Structures are given as structure tokens and as C-alpha cells.
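# Residue-level structure breakdown
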Amino acid sequence: MNFSVSKNNDQTAFDLSLDNKSGLDSTHLLKKYMEIDTRVQPIMLITKCWAKSRSFIGPNMLPSYAWNLMAVFYLQNVKFLPTIFYEGKTDTFKLSTNWTQPEMFQRTPLSVLLWGFFHFYVIKFNWKDHVISTQAGNTPVAKAQVQNKNMLLA
């Protein structure tokens, strides 16, 4: 359910999910990525704010969660973030490998990472033939290979 609350001419929108474990798992997944590096959350927030200011979030557009996944997928592609898998049997999240962030990213300014996000999706990413999947990590998935539409932007 989508809600909107107004107070003092300031409107805040939020989603409420009831009895939906996948929404909770998605939130925990994003939290795990944010725990890896303190710059992940600002990248997500800034790209979402930018998308919202350009009306790229809303009806018939990508939801804000998709913009978070786009940020994660970009950061995976430049090796800034690892792939994290959800282990349903144990209800835990695990890194794909023994991952350590490359030293070159330890001091990379947020502004450089944000520029890279836009450069990646405007110049490098092949939207015509590929979809993003944080489960696939830094490998774009061919649209022709996607049989389960739930995998899109997942």
C-alpha cells in the first residue's frame, strides 16, 4: 500500500507492506550493502532524489527500489561491492566470495562514484539487449535469457 502524509506543507510518501517477507528481505539486502561501505547509502539517496526530481519515479516509471538496485549493480560492476546472496534455508545473507574492496576505492570521493553511476548507465550499459541483476553481480544478463520477469531488476 502506498501512503502519503502531509504536515506543515511538507509531504512524505511511503510504502507499507503487510505479510510480505520478500519486501523485508529486500530491505535487509540493501542494509547489508550499506554496511559494506558508508558511501553506498548516499549514492542510493542521491540517485533516487535525482530520479524523483526528473519524474523518473512514479506511476508508469521505475519504483525507487529499482534505483537502489541500479546503484548496487553499478557498484558491483566497478568492483566496489560484492554480490550478496540470500540463503533461504538459514535466513541469512552471504557474500559470493571472500571479497575485499579494492584499495583504489578506499579513498574514492562520493562525487566520483556518482559521476560513474551516470556514465555507466548513459554511456556503457546496453539497455537494448541487457537487464541488470544484483544476483548476477557484475555481469549484465541478456534480455533473451530472462525467463522469470521477477528476476528483472532483482
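Residues numbered from 1 in each chain as written. Predicted model: local features only at pLDDT ≥ 70, side-chain atom pairs only at ≥ 80, totals over all residues. Heavy atoms only, no water.

## Topic: unusual backbone geometry
The phi torsion at S55 lies on the positive side, around 60°, for a residue other than glycine. Using a relative accessible area of 51% as the deciding quantity, one classes S55 as exposed. The backbone of K79 sits at a positive phi, close to 70°, despite the residue not being glycine. Here K79 shows up in the loop between α3 (64-77) and β3 (84-87). (Buried < 20%, exposed > 50% of the residue type's maximum accessible area, 1.4 Å probe, protein only. Helix = DSSP H or I, 4+ residues; strand = E, 2+ residues; numbered from the N terminus.)

## Thoughts on the packing of α3 against helix α4 (residues 110-124)
At a minimum axis separation of 10 Å, α3 and α4 run at an interaxial angle of 100°. Classed by the angle they form, the pair α3 and α4 counts as roughly perpendicular. Judged by residue contacts, W67, M70, A71, F73, Y74, L75 and N77 of α3 engage V112, L113, G116, F117, F120 and Y121 from α4. When the residues that make up the contact of α3 with α4 are grouped by side-chain class, the tally is 11 nonpolar, 2 polar and no charged. (Axes fitted to C-alpha atoms, helices over the stretch in contact; angles between N-to-C directions. Parallel < 35°, antiparallel > 145°, perpendicular 65-115°, else oblique. Contact = heavy atoms within 4.5 Å. Nonpolar A, V, L, I, M, F, W, Y, C, P; charged D, E, K, R; others polar.)

## Description of the confidence of the model for the chain
When the pLDDT values of the chain are averaged, the result is 81; 78% of them are 70 or greater. Mean pLDDT values over the elements of the chain span from 63, in strand β2 (residues 10-15), up to 95, in α4. (pLDDT = per-residue confidence, 0-100.)

## Some thoughts on the packing of helix α2 (residues 40-53) against α4
Viewed as axis vectors pointing N to C, α2 and α4 meet at an angle of 50°, and their least axial separation amounts to 10 Å. In terms of axis orientation, α2 runs oblique to α4. Crossing angle aside, the handedness with which α2 passes α4 is right-handed. Touching P42, I43, I46, T47 and W50 of α2 are L110, L113, L114, F117 and F118, all from α4. Its residues assigned to classes, the contact of α2 with α4 shows 9 nonpolar, 1 polar and no charged. (Left-handed = near helix turned anticlockwise from the far one by under 90°.)

## Details of the environment of F117
Among the secondary structure elements, F117 is positioned in helix α4. Residue class for F117 comes out buried when judged on its relative accessible area of 1%. For the pair F117 and V78, spaced 39 residues apart in sequence, the C-alpha to C-alpha distance is 9.7 Å.

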